[in-house]
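The primary structure of each chain is shown beneath.
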Amino acid sequence: MSKSTSGNFFEDFRLGQEFRHAVPRTITTGDVSLYSALYGMRFPVQSSDAFARSVGLSRAPIDTLLLFHVVFGKTVPDISLNAVANLGYADCRMLKPAWPGDSFTARSTVIGLRENSSGRTGIVHVRASGFNQHGEEVLSFVRWVMVHKRDMAAPAPQPTTPETPAYVEAGRLTVPEGLDFAAYDDGVAGSPHRFDAYEIGERIDHIDGMTLEEAEHQIATRLYQNTAKGHFDERLQRGSRFGRRIVYGGHIISLARALSFNGLANAAFVAAINGGRHVNPAAAGDTVYCWSQVLGKQPVAGRADLGALRLRTVATKDLPCAGFPEPGGADDASVLLDLDYWVLMPRPAR
């Protein structure tokens, strides 16, 4: 009997199937430092214990996107080891803050299956959840992925596509316990622009670009223990339609979030991901730019110190964003990411 595994192919999945993913993962301050080194993240609550304490927290929390990537990485060996591409996300909620030293596990349930017309691949939808060492759910999200079939002759399942909300209702957002932005220091944070300064429909060119490096995107993907073959195996990828290693889509999300600091420096926490898709793949040598649009604003009930800003961030390759390029438009081939998400932001002092 073989001791190794080639992973699950599309015909191996069934509706309602549950996975308890290996391996438990402790996120340390070393991991946080490496994450900062990879992306240049500068949001102050996650950067400084002293700043975090000034806004009511015990120390700097783990960046919510780092937590998302680690939990996502846990799901890869069971869900997407044989993926063509990860396609999108929905209903991603950050449920509890996470701290350096916490350990995390993940579980997934298959909630949708649909074979593609080619008969070579299919779409698998899962609901994934991450848990800390106390068994508390720290985040939950839906993702869907295109997976190869092992056997073209394997019968197609009854097609099922789950319904997901268009966006996370603002009332379902979780505010970290103890968080109080009354003493939030704009000067130290790097921007005077708080929640009330942003208008619905406003667009922001984040200006700065960052070129993808082969070593960096692979280090990042290994940091999350994501084992998807397309990110690492150059020989295998030569025979694919991409022709080379592709960058983990979450790497683009974190790069875009880091670049968005220039214009959104006070977007202190990513509280939810409403939806998102990877429009085109990226590879080493591409330079990533991004722009954001304010989709909505919502005061947090009972709180005068903070509000929730709904943002859409579009990332591109080799195309600066002064013209706000859109997926589906003339610049579609240059668009990498279209992400809709909520952030928590301080309101002006009263």
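Look above for the structure.
Residues numbered from 1 in each chain as written. Predicted model: local features only at pLDDT ≥ 70, side-chain atom pairs only at ≥ 80, totals over all residues. Heavy atoms only, no water.

## Observations concerning the state of the cysteines
- Throughout the structure, instances matching the rule amount to 0 disulfides.
- Distance from the sulfur of Cys290, which forms no disulfide, to the nearest cysteine sulfur (Cys321) is 6.5 Å.
- Under the relative-accessibility criterion, Cys290 is labelled buried at 1%.
- Accessibility expressed as a relative area gives 1% for Cys321, which makes it buried. (Disulfide = S-S within 2.5 Å. Buried < 20%, exposed > 50% of the residue type's maximum accessible area, 1.4 Å probe, protein only.)

## Here we look at the side chain of Asn132
- Looking at where Asn132 falls in the secondary structure, it is placed in the loop between strand 4 (121-131) and strand 5 (137-148).
- Residue class for Asn132 comes out buried when judged on its relative accessible area of 8%.
- A polar contact is formed between the side chain of Asn132 and the backbone nitrogen of His134, at a distance of 2.9 Å.
- There is a polar contact of 2.7 Å between the side chain of Asn132 and the side chain of Glu136. (Helix = DSSP H or I, 4+ residues; strand = E, 2+ residues; numbered from the N terminus. Polar contact = N/O pair within 3.5 Å; in protein donor to acceptor, adjacent residues only side chain to side chain.)

## Quick word on the nonpolar core
- One finds Tyr39, Leu66, Leu67, Tyr224, Ile252 and Leu309 to be the most contacted residues of the largest nonpolar core, which totals 61 residues.
- Of all the elements, helix 4 (residues 64-79) adds the most residues to this core, at 8 residues.
- Ignoring any residue separated from it by four or fewer positions in sequence, one finds Ile252 in contact with Leu212, Val247, Ala282, Val288, Ala315, Leu336 and Leu337.
- In terms of nonpolar packing, the next biggest core, distinct from the first, is built from 22 residues, Val55, Ala268, Ala272 and Leu344 among them. (Core = buried A, V, L, I, M, F, W, Y, C linked by side-chain atoms within 4.5 Å. Contact = heavy atoms within 4.5 Å.)

## Looking at the side chain of Asn266
- Among the secondary structure elements, Asn266 is positioned in the loop between helix 9 (261-264) and strand 8 (269-278).
- A polar contact of 2.7 Å, which involves the side chain of Asn266, links it to the side chain of Tyr184.
- Other than its neighbours up to four places away in sequence, Asn266 contacts Tyr184, Asp186, Ala189, Ser191, Pro192, His193, Arg194, Leu344, Met345 and Pro346.

## Digging into the packing of helix 1 (residues 29-39) against helix 8 (residues 249-259)
- Where helix 1 meets helix 8, the closest approach of the two axes is 9 Å, and the angle between their N-to-C directions is 75 degrees. Here helix 1 is positioned roughly perpendicular relative to helix 8, judged by the angle of their axes. Side by side, helix 1 and helix 8 meet where Tyr35, Leu38 and Tyr39 of the first sit next to His251, Ser254, Leu255 and Ala258 of the second.
- Of the residues that constitute the contact of helix 1 with helix 8, the class distribution is 5 nonpolar, 2 polar and no charged. (Axes fitted to C-alpha atoms, helices over the stretch in contact; angles between N-to-C directions. Parallel < 35°, antiparallel > 145°, perpendicular 65-115°, else oblique. Nonpolar A, V, L, I, M, F, W, Y, C, P; charged D, E, K, R; others polar.)

## Observations regarding the environment of Val23
- Here Val23 lies in strand 1 (residues 18-26).
- Considered as a pair, Val23 and Leu67 are 44 residues apart in the sequence and their alpha carbons are 15 Å apart.
- Excluding residues within four positions of it along the chain, Val23 makes contact with Lys74, Phe104 and Gln225.

## Overview of unusual backbone geometry
- Between Ala22 and the following residue, Val23, the backbone shows a cis peptide bond with an omega angle of 5 degrees.
- Positive phi outside glycine occurs at Asp91, with the angle close to 50 degrees.
- Take Asp91: its relative accessible area is 7%, and that puts it in the buried class.
- Positive phi, close to 50 degrees, is recorded for Phe324, a residue that is not glycine.
- By the secondary structure assignment, Phe324 is in the loop between strand 10 (306-317) and strand 11 (335-346).

## A look at the packing of aromatic side chains
- Applying the stated criterion across every chain yields a total of 13 aromatic pairs.
- Geometrically, the ring pair formed by Phe51 and Tyr184 is edge-to-face, given 5.2 Å between the ring centres and 90 degrees between the ring planes. One end of the pair, Phe51, is in helix 3 (residues 49-54); the other, Tyr184, is in the loop between strand 5 and helix 5 (186-189), and 133 residues separate them in sequence.
- Residue Phe51 is classed as buried on the basis of its relative accessible area, which comes to 7%.
- Residue Tyr184 is classed as buried on the basis of its relative accessible area of 4%.
- Site record: aromatic cluster; members linked through ring pairs are Phe68, Phe72, Tyr89, Phe141, Tyr224 and Tyr248.
- Positioned above the aromatic ring of Phe72, the side-chain terminus of Arg143 is 4.1 Å from the ring centre.
- In this arrangement the basic side chain of Lys297 is found over the ring face of Phe195, its NZ or CZ atom lying 4.7 Å from the centre. (Phe/Tyr/Trp six-rings, centres within 6.5 Å; stacked < 30°, edge-to-face > 60°. Lys NZ or Arg CZ within 6 Å of the ring centre and 35° of its normal.)

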